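# Structural overview
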Amino acid sequence: MATPLLTLITFLPALAGLGLAPLKAERVAIVRWAALGVSVVVLLLAAALWVGFDPKGDVIQFRERHVWVQSPYLVPTITYTLGVDGISLAMVALTAFLMPLAIRASWKQPSGFLIALLFLETGMLGAFVALDLFLFYVFWEGMLIPMYLLIGIWGGPRRIYASVKFILYTIVGSVLMLAAILYTATQGRTFDVIALQAKLPDLTPGVISANAQSWLFLAFAVSFAIKVPLFPFHTWLPDAHVEAPTAGSVILAGVLLKMGTYGFLRYAIPFFPQAAQTWTSLIVALSTVGILYGSLMAMAQSDIKKLVAYSSVAHLGFCMLGIFSGTLQGAQGGVLQMVNHGLSTGALFLLVGVIYEKTHRRGIDDFGGMARVMPIYAVLFMVVTLSSIGLPGLNGFVGEFLVLFGSFPNHPTATALATLGVVLGAVYMLKLYRDVFFGPVTRPEREKVGDVGTSDLGYLLPIVALIILLGILPNLVLSKTQRSVGSVVERLNHPVDPPKKVSLERVR
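Calculation criteria
Residues numbered from 1 in each chain as written. Predicted model: local features only at pLDDT ≥ 70, side-chain atom pairs only at ≥ 80, totals over all residues. Heavy atoms only, no water. Core = buried A, V, L, I, M, F, W, Y, C linked by side-chain atoms within 4.5 Å. Buried < 20%, exposed > 50% of the residue type's maximum accessible area, 1.4 Å probe, protein only. Helix = DSSP H or I, 4+ residues; strand = E, 2+ residues; numbered from the N terminus. Contact = heavy atoms within 4.5 Å. Axes fitted to C-alpha atoms, helices over the stretch in contact; angles between N-to-C directions. Parallel < 35°, antiparallel > 145°, perpendicular 65-115°, else oblique. Expected span 1.5 Å × (residues − 1). Patch = residues over 30% accessible without salt bridge, like charges linked within 9 Å, V, L, I, M, F, W, Y side chains within 5 Å. Areas by Shrake-Rupley, 256 points an atom, 1.4 Å probe, with all protein chains shown as cover. Salt bridge = Lys/Arg side-chain N within 4 Å of Asp/Glu carboxyl O. Left-handed = near helix turned anticlockwise from the far one by under 90°. Nonpolar A, V, L, I, M, F, W, Y, C, P; charged D, E, K, R; others polar. Phe/Tyr/Trp six-rings, centres within 6.5 Å; stacked < 30°, edge-to-face > 60°.

## What to know about the nonpolar core
Counting 177 residues, the largest nonpolar core has Phe220 and Phe264 as the members making the most contacts within it. When residues of this core are assigned to their parent elements, the largest contribution, 14 residues, is made by helix 15 (residues 328-359). With sequence-adjacent residues up to four places away left out, Phe220 is seen in contact with Met177, Ala180, Ile181, Thr184, Tyr267, Ala268, Phe271 and Phe272.

## Topic: the packing of helix 4 (residues 111-129) against helix 11 (residues 246-256)
For the pair helix 4 and helix 11, interaxial distance at closest approach is 12 Å and the crossing angle is 0°. By the angle class used here, helix 4 and helix 11 are roughly parallel. Contacts between helix 4 and helix 11 involve Phe113, Leu117, Leu120, Met124 and Phe128 on the former and, on the latter, Ala247, Ile251, Val255 and Leu256.

## Points about helix 4
Think of an α-helix as turning once every 3.6 residues; residues three or four places apart then point the same way. Taking 1.5 Å of rise per residue, 19 residues should cover 27 Å, and helix 4 covers 28 Å from first to last C-alpha, within 8% of that figure. Counting buried positions over the 19 residues of helix 4 gives 17, a clear majority of the element.

## Focus on the side chain of Ser223
Its place among the elements puts Ser223 in helix 9 (residues 210-227). For Ser223, the residues in contact, after removing those within four places along its chain, are Trp140, Gly173, Ser174 and Met177.

## Focus: a nonpolar patch on the surface
A contiguous nonpolar patch, built from Ile145, Tyr148, Leu149, Ile153, Ile160, Val164 and Leu168 and spanning about 610 Å² of accessible area, is present on the exposed surface. Mapped by element, the contributors of at least two residues to the nonpolar patch are helix 6 (144-154) and helix 7 (159-188). The element that contributes the greatest number of residues to the nonpolar patch is helix 6, accounting for 4 residues. When you line up the elements, Leu149 lands in helix 6.

## As for the packing of helix 14 (residues 304-323) against helix 18 (residues 395-407)
At their nearest, the axes of helix 14 and helix 18 sit 9 Å apart, and the two run at 45° to each other. Judged on the interaxial angle alone, helix 18 and helix 14 are oblique. As for the relative orientation of helix 14 and helix 18, their crossing is left-handed in sense. Across the interface between the two elements, His315, Phe318, Leu321 and Gly322 of helix 14 pack against Glu400, Val403, Leu404 and Ser407 of helix 18. Residue composition of the contact of helix 14 with helix 18, by class: 4 nonpolar, 3 polar and 1 charged.

## Some words on the packing of aromatic side chains
Considering all chains together, one arrives at 29 aromatic pairs under this definition. Note on Phe11 and Tyr80: the rings are 6.4 Å apart at their centroids and 35° apart in plane angle, and the pair reads as tilted. Of this pair, Phe11 sits in helix 1 (residues 5-20) while Tyr80 sits in strand 2 (residues 74-84); the two residues are 69 residues apart in sequence, bridging distant segments of the chain. Phe11 gets classed as partly exposed once you look at its relative accessible area, which sits at 29%. Owing to a relative accessible area of 16%, Tyr80 belongs among the buried residues under this scheme.

## Details of the environment of Met370
Along the chain, the position of Met370 falls in helix 16 (residues 370-373). Sequence separation between Met370 and Ala285 is 85 residues, and the spatial gap between their C-alpha atoms is 40 Å. If we ignore the near neighbours within four places in the chain, the residues touching Met370 are Ile355, Pro375, Val436, Phe437, Arg446 and Val449.

## With respect to the side chain of Thr190
With respect to the helices and strands, the residue Thr190 is situated in the loop between helix 7 and helix 8 (193-199). If sequence neighbours within four positions are ignored, Thr190 has contacts with Pro76, Ala185, Ala195, Leu196 and Lys199.

## Examining the pattern of salt bridges
Summed over the entire model, instances satisfying the criterion amount to 9 salt bridges. Residue Lys108 is joined to Glu357 by a salt bridge in which the shortest nitrogen-to-oxygen separation is 3.4 Å. Highlighted residues: Lys108 in the loop between helix 3 (86-105) and helix 4 and Glu357 in helix 15, separated in sequence by 249 residues. With relative accessibility at 70%, the residue Lys108 sits in the exposed group. Arg434 is the partner of Asp435 in a salt bridge, and the nearest nitrogen-oxygen pair spans 3.0 Å. A residue is classified by how much of its surface remains accessible, and Asp435, at 23% relative accessible area, is partly exposed. On the basis of relative accessible area, Arg434 is assigned to the partly exposed category, the value being 46%.

Below, the structure written as structure tokens:
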């Protein structure tokens with residue numbers, strides 16, 4: 001019997017969390033090392049998954065399937081079905097990579113905080129590998145609880161407001177998606193994602209009318225747009241980022257926002273390609289507005305963390321523009337940017353956390369001349385800043401280039417405006433760096449701030465190294481995702497073609 005690798009990767013953090021939960025508060029050292037150890041094991045298993053994934057093999061690999069809920073009164077049957085394609089593989093690897101860094105950056109947090117991170121990891125990984133709609137929804141809802149607790153219990157002064165706003169926004173979207181899931185599964189007579197991707201286009205307009213398909217697409221799309229967040233569903237994000245603890249911000253930006261873009265790639269477009277094609281112009285327009293709006297709002301911020309939060313709105317706009325570009329290059333760029341944003345913005349939040357831990361300040365005006373006081377920190381911040389603005393040689397460049405190159409043939413105006421967003425991104429990030437690190441030390445008390453230590457470098461250097469590596473070798477990701485992304489683009493461009501042309505039925 002084959003090793004259930006996806007099950008191990010998904011549930012190991014939650015099992016560890018259950019085992020650690022009964023320990024008393026004073027045993028926090030055990031919880032810290034156990035949580036870190038488990039997250040590293042998950043990372044190693046994800047590395048094995050990455051190495052074992054054959055980009056020339058079946059689209060869906062490492063498949064596991066077991067009947068979960070079966071009854072003559074329940075049609076369709078609910079199954080425990082897991083599997084990965086190139087897109088979900090990239091998201092699993094990103095999640096597994098960021099979690100040990102987030103845990104190490106939270107070394108002074110209490111046991112409950114670390115246990116919540118473990119449960120959150122299971123929820124995120126499960127959502128990426130689930131191939132049953134009901135199972136996906138369970139993971140989708142399950143990951144909201146630990147994030148709500150991380151913000152609401154261990155967040156900043158306005159944590160209650162931010163956590164309630166976060167949960168209300170996401171639950172509204174989840175309710176819409178649940179209704180769409182139930183209707184879709186009833187009409188398709190299955191919760192199996194791959195089977196639905198093959199069936200649903202054939203059911204329109206015979207079983208599911210074009211009007212119904214449009215409403216179903218919108219129900220999924222609104223839920224995913226809130227999570228992205230796509231303008232104008234973004235207003236929960238700055239509050240959540242600012243009030244969340246450092247690890248919460250890292251995981252929120254690095255992984256949770258990608259649930260939205262992943263949802264469009266896995267469900268909304270393949271299930272309802274005709275509706276997706278109909279709504280593409282609006283989504284491209286909203287993505288472009290999000291790029292410009294997020295950039296302009298970032299320029300206006302005086303809080304470093306809030307600036308980075310608004311930059312996420314702009315960066316995710318690029319991801320959405322690429323996904324709906326209608327070209328393989330643009331969509332590949334969008335998926336690569338999902339990974340790149342997780343690394344660069346995750347690193348920015350880690351770096352902001354370092355200086356906040358030392359000074360308990362994060363206002364841009366609270367600093368100045370820090371390059372002289374913290375030279376190593378300044379170098380690391382510069383690398384991540386240049387990554388965020390897409391400097392050639394770092395990870396952000398290839399993704400942005402592919403998005404713009406792939407979007408221009410079908411959406412030239414949106415691409416031109418998005419290019420302006422690239423310029424604005426360079427403006428606000430370089431201005432931030434200038435104000436914080438150059439010039440004289442504006443506050444005498446900052447002279448006593450020490451540079452980053454070995455413990456900080458332990459979680460900063462790996463992410464900076466990967467930023468450089470993917471800048472040099474972006475094909476490490478692109479080669480894995482090409483077939484899966486190509487199938488989504490093919491479905492979007494040719495929604496009424498037989499599903500076999502999308503080659504999503506072949507499963508291992």
